[in-house]
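Notes for the structure review
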Amino acid sequence: MTSKTLFVELHAKSGREEDVAAFLKSAQSLVDAETGTVAWFAVRFDKSTFAIFDAFDGDEGRDAHLNGKVAAALMANAAELLASAPQIRKADVLADKLPR
């Protein structure tokens, strides 16, 4: 069972919304290489509000993801693409249903 998650809310700068969407789509190939990331979703709520949701079997996978290529690329591009700093929230999983 997965036991740890991340929820990262992102607010695009005006005029950079499609750049944020493209960045998130391109991040999938980096996440695919992460053996500790059980599930990963990049979502869009409205024109400028996005989020990343990830699930992990434990702290090791979550920590590896936070120190990985997607997080590094996000932080390197945050000032250019985002209206505010990413809001990273860690949570513990109470129950899940994932294909295995």
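Okay, so let's go over this structure.

**A look at the packing of helix H1 (residues 17-32) against helix H3 (residues 69-81)**
Taken N-terminus to C-terminus, the directions of H1 and H3 make an angle of 170 degrees; their axes are 10 Å apart at the nearest point. By the criterion of interaxial angle, the relationship of H1 to H3 is roughly antiparallel. Contacts from Asp-19, Val-20, Phe-23, Ala-27, Leu-30 and Val-31 of H1 reach H3 at Lys-69, Val-70, Ala-73, Leu-74, Asn-77 and Leu-81. Partitioning the contact of H1 with H3 into residue classes produces nine nonpolar, one polar and two charged.

**Thoughts on the pairing of strand E4 (residues 87-92)**
With zero of six residues buried, E4 is to be regarded as a mostly surface element. Across six bridges, the pairing between strand E1 (residues 4-11) and E4 is antiparallel. For Phe-7, the partnering residue across the bridge sits in E4 and is Arg-89.

**Comments concerning the nonpolar core**
Core analysis: the biggest nonpolar cluster contains 17 residues, and Leu-10, Val-20, Leu-24, Phe-50, Ile-52 and Leu-82 have the highest contact counts within it. Every element with two or more residues in this core is listed here: E1, H1, strand E3 (49-56) and H3. A per-element tally of this core places H1 first, with six residues. Those residues in contact with Leu-82, other than ones at most four positions away along the chain, are Leu-10, His-11, Ala-12, Lys-13, Val-20 and Leu-74.

**A few points about the sheet that holds E3**
On the basis of which strands lie adjacent, the open sheet formed by four strands has the order E2-E3-E1-E4 and antiparallel pairing. On the outer flanks of this sheet lie strand E2 (37-44) and E4, each paired with one strand and no other. The sheet shows a mean angle of 15 degrees between the axes of neighbouring strands, direction not considered. This element, H1, spans E1, E2 and E3 of the sheet and lies at about 165 degrees to E2.

What counts and how
- Residues numbered from 1 in each chain as written.
- Predicted model: local features only at pLDDT ≥ 70, side-chain atom pairs only at ≥ 80, totals over all residues.
- Heavy atoms only, no water.
- Axes fitted to C-alpha atoms, helices over the stretch in contact; angles between N-to-C directions.
- Helix = DSSP H or I, 4+ residues; strand = E, 2+ residues; numbered from the N terminus.
- Parallel < 35°, antiparallel > 145°, perpendicular 65-115°, else oblique.
- Contact = heavy atoms within 4.5 Å.
- Nonpolar A, V, L, I, M, F, W, Y, C, P; charged D, E, K, R; others polar.
- Buried < 20%, exposed > 50% of the residue type's maximum accessible area, 1.4 Å probe, protein only.
- Pairing = 2+ DSSP bridges.
- Core = buried A, V, L, I, M, F, W, Y, C linked by side-chain atoms within 4.5 Å.

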